[in-house]
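# Geometric and topological summary
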Amino acid sequence: MKIGIPQSLLYAYYFPFWKTYFEELGHEVVVTPMTTKGIIDRGVKASVPEICVPIKIYLGHVITLLEEVDYIFVPRFVSIRKGQFFCPKFMGLPDMVRYTFKGIEEKLISPMIKTNSDNIGNTFSDYKFMEKMFGISSQKNIKALEKANEVWLRFREYSKKGYTITEAMKIVLDGYGESSFSTNSDSNSSVTIGLIGYVYNIYDSFISMDILNRLREMGVKVKTFEMLEEDSLEKELQRMNNKTMFWTFSDKLLAAGYSFYNNPEVDGLIHVTAFGCGPDSMLGKLLDMDTVEYNKPFMTVRVDEHTGENHLQTRIEAFIDMLKRRKMNMKRGA
Amino acid sequence: MKVSFPYMGTTVIYKKLLEQLGHDVIMPPIPSQKTINLGVKYSPEFACFPLKVIMGSYMEAIEKGAEVIITSGGHGPCRAGFYEQVHSRILKQEGHNVEFIVFNSMFRDFKNFYKNLMRIKADNSWIKVAKSLMLVYDMMKKLDVLEKEVQVIRAYEIKKGETTRIWENIQRIFDQANNKKQIREAFEKGKELLSKVRKHDVKPQNRLRVGIVGEIYVVMEPSINMKMEELLGSLGVEVERSQYLSQWVDYNVLPDFMNYTHEKEVLKKGEKYLPIEIGGHAKQTLGQIVDFSKRGFDGVVHLMPFGCLPELVSQSIIPRITEDLGIPVLTLSIDEQTGVANNLTRVEAFLDLIRGKHSKKIS
């Protein structure tokens, strides 16, 4: 069977898991290409106008897969942590897809993901229905899940070593050597940026205009939330005690934000957010209000389906220049 | 203590409850353009509209002397559950010294709920608290009965605006009532006043009925939804909302095993389209549309705040319900950018559509 996976939303965080899992079950995995203008346009046409850009793009990817594959994988992410949820749009994603495109229903594979940790391979019951769907034994299913889990954990380890998600995926899935990429750790950059944003924005080079690599090309060291140890994020969340948000990834970003604020190595924060993102409207405001208290510059980059890269280049150049000057002044004791 | 609360719908009820318990109630003013301007100025730009209006409301209440704000918390995953965190942070930053008492669902964190309850209870005996609660509940039920009547009569009144004036008057009468007997009298008085409204005689088959569904704040608060009910009424349409305060209380307060509310059935009706709760009122919205359609309503107006997370999921699915059941739905998204003429045109066009459909159905 050909199983289609949209290269969008949580693809950047879970693809190594999904790919390994389906391949272990003997299926062929088809992935949509990186987001293009064509994909976005298709998505925009199929969505309600006010919905956030990542969802529009996701629908565009789904349309792109429709003709090509036997099944499309659209998981329903509900919760990966007790007491926390995903943004409502993730929870209703399969329904939006199902009722937007006629005749797609038979093609959908939508496990409901409800676990108590990031490790979504932990609860086998979420994938139980695949056994009936594909006529496989429980044993085979569990074995495939275990393998998938193992690959995913390795992938996460590389993230934590400072490789970007794109690089970590190439290492675990395509057999690239670790030395093929220069990670953050071996650059002697003058400035370090904490880059805050959901994986589906940061790593979709069309949405984020590849901000991560742009920064690196400018000789800037970049840290993102997925490069931090879960414990340290957890610690930040504990410090806020019950004042956290209840959206899993927003909480991670918030925790990452404060961890960057507290980290003397980090010189400034950039928040990449998609137009119309609800959770970010709160998260961004909280971090923004604290920029004075921590005495660290904070910049918001808001992106949408309209392209225009030059302003971004100018803004980040100015921001980095400012950070460099600031650092020099501080060194001089001015 | 000098307490206040977010302004939504028939506020006389919250006022009454707090007064019964001996608190000093600072009524927040009805949301006006000034409220909205204040709220917009101090809220995050991309926050949803209710957050902004409530922000403005709080500021006005604080100006009038409020020291404590009582609100409900919700538990996500819609943004409303996080309002208080943002509100209190911003108010503090703006130099307002105000305390928040947030009621989250008691089934989730009973300890905190109890602590809050004790604050509100103050020196009153539990019997007094129970009595006050029963009294206010009774009042809520009766007001909802009258309001439902108002929403029907308004469509046929001869003197435009008369019903609305009477309804405001009724709320004032209830505001004066302080015991069971007075509430019953207020209810009788209200019924009597409403029965005196002179009406056009419209044949049953010519009557149009429209349901209003959507996010609770924009559905319940007329001052920010272009007075949608009055508007539809003045255009000769009977209206029913998806939410009434007493329903909300029944559904949210009763424990599961004795929760036989209509809301439960409604949720089941929407399950085909949205199998799980995704926060806010998304699942209710879909269920209510199915419910209104099954009950023979001619159309539904769907109200949501601009960019509302859960309602956008509903909005994506609604076209399919219309296709399946044939019920027309008009979605209006509401924010601080008022464009009354534009929305008015859309409502009028929508009514033309359902009128046409209706006359085809009966001929």
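From a predicted model like this one, the values you see are computed outputs, not experimental measurements.

## Overview of the overall build of chain A
- Scanning chain A for helices and strands turns up 14 helices and 10 strands.
- Here the C-alpha radius of gyration of chain A, 20 Å, is about what a compact globule of 334 residues would show, namely 20 Å.
- Expressed along its principal axes, the backbone C-alpha trace of chain A runs to roughly 70 × 40 × 40 Å.
- Here chain A holds 334 residues, and the buried ones make up 60% of them.
- Intrachain contacts of chain A at a sequence separation of at least 6 include 71% that bridge at least 24 residues.
- On chain A, roughly 13600 Å² of surface is accessible, and the fraction owed to carbon and sulfur atoms is 49%.
- Averaged over its 42 positive side-chain charges, chain A has a centre that lies 3 Å from the centre of its 42 negative ones.

## A short note on helix α1 (residues 12-20) of chain B
- Among the residues of α1(B), those classed as buried are B:Val12, B:Ile13, B:Lys15, B:Lys16, B:Leu18 and B:Gln20.
- Looking at the residues trailing α1(B), positive phi occurs at B:Gly22, about 85°.

## Overview of the domain arrangement of chain A
Residues and elements named next belong to chain A.
- As assigned here, chain A comprises domain 1 (2-157) and domain 2 (184-333).
- Put simply, the middle of domain 1 and the middle of domain 2, counted by C-alpha atoms, are 27 Å apart.
- The partner domain 2 presents 28 residues to the 27 residues of domain 1 that form the contact.
- In terms of surface lost to domain 2, no three residues of domain 1 exceed Val53, Gln84 and Arg156, which account for 21% of the buried area on that side.
- Counting across the domain 1 and domain 2 interface gives three salt bridges.

Conventions adopted
- Sequence order as written defines residue numbering, which begins from 1 separately in each chain.
- Labels are handed out in written order, letters beginning with A for the chains and numbers beginning with 1 for the ligands.
- This being a predicted model, a pLDDT of at least 70 is required before a residue's local features are given, and a value of 80 or more before pairs of side-chain atoms are given or counted; all residues contribute to the totals for chains, interfaces and linings.
- Values reported for side chains reflect all heavy atoms of the structure, with hydrogen atoms and water molecules removed beforehand.
- Helical segments are the DSSP runs of H or I of at least four residues, strand segments are the runs of E of at least two, and each set is numbered from the N terminus.
- Restricting the calculation to C-alpha atoms gives the radius of gyration, and the globule rule supplies 2.2 Å times the number of residues raised to the power 0.38.
- Relative accessibility under 20% of the residue-type maximum defines a buried residue, over 50% an exposed one, and the middle range a partly exposed one, all with a 1.4 Å probe and only protein chains included.
- Whether two residues are in contact is decided by their heavy atoms, any of which lying within 4.5 Å being enough.
- Residue exposure ignores everything except the shown protein chains as possible cover, and the areas themselves are Shrake-Rupley values with a 1.4 Å probe.
- A residue counts as positive if it is Lys or Arg and as negative if it is Asp or Glu; His and the chain ends are not included.
- In this description, the location of a charge corresponds to atom NZ of lysine, CZ of arginine, CG of aspartate or CD of glutamate.
- Domain borders in the structure are assigned automatically or taken from a domain database.
- Accessible-area loss on putting two parts together, using a 1.4 Å probe and summing over both, is the definition of buried area adopted here.
- Basic side-chain nitrogens of Lys or Arg form a salt bridge, by our definition, when they fall within 4 Å of a carboxyl oxygen of Asp or Glu.

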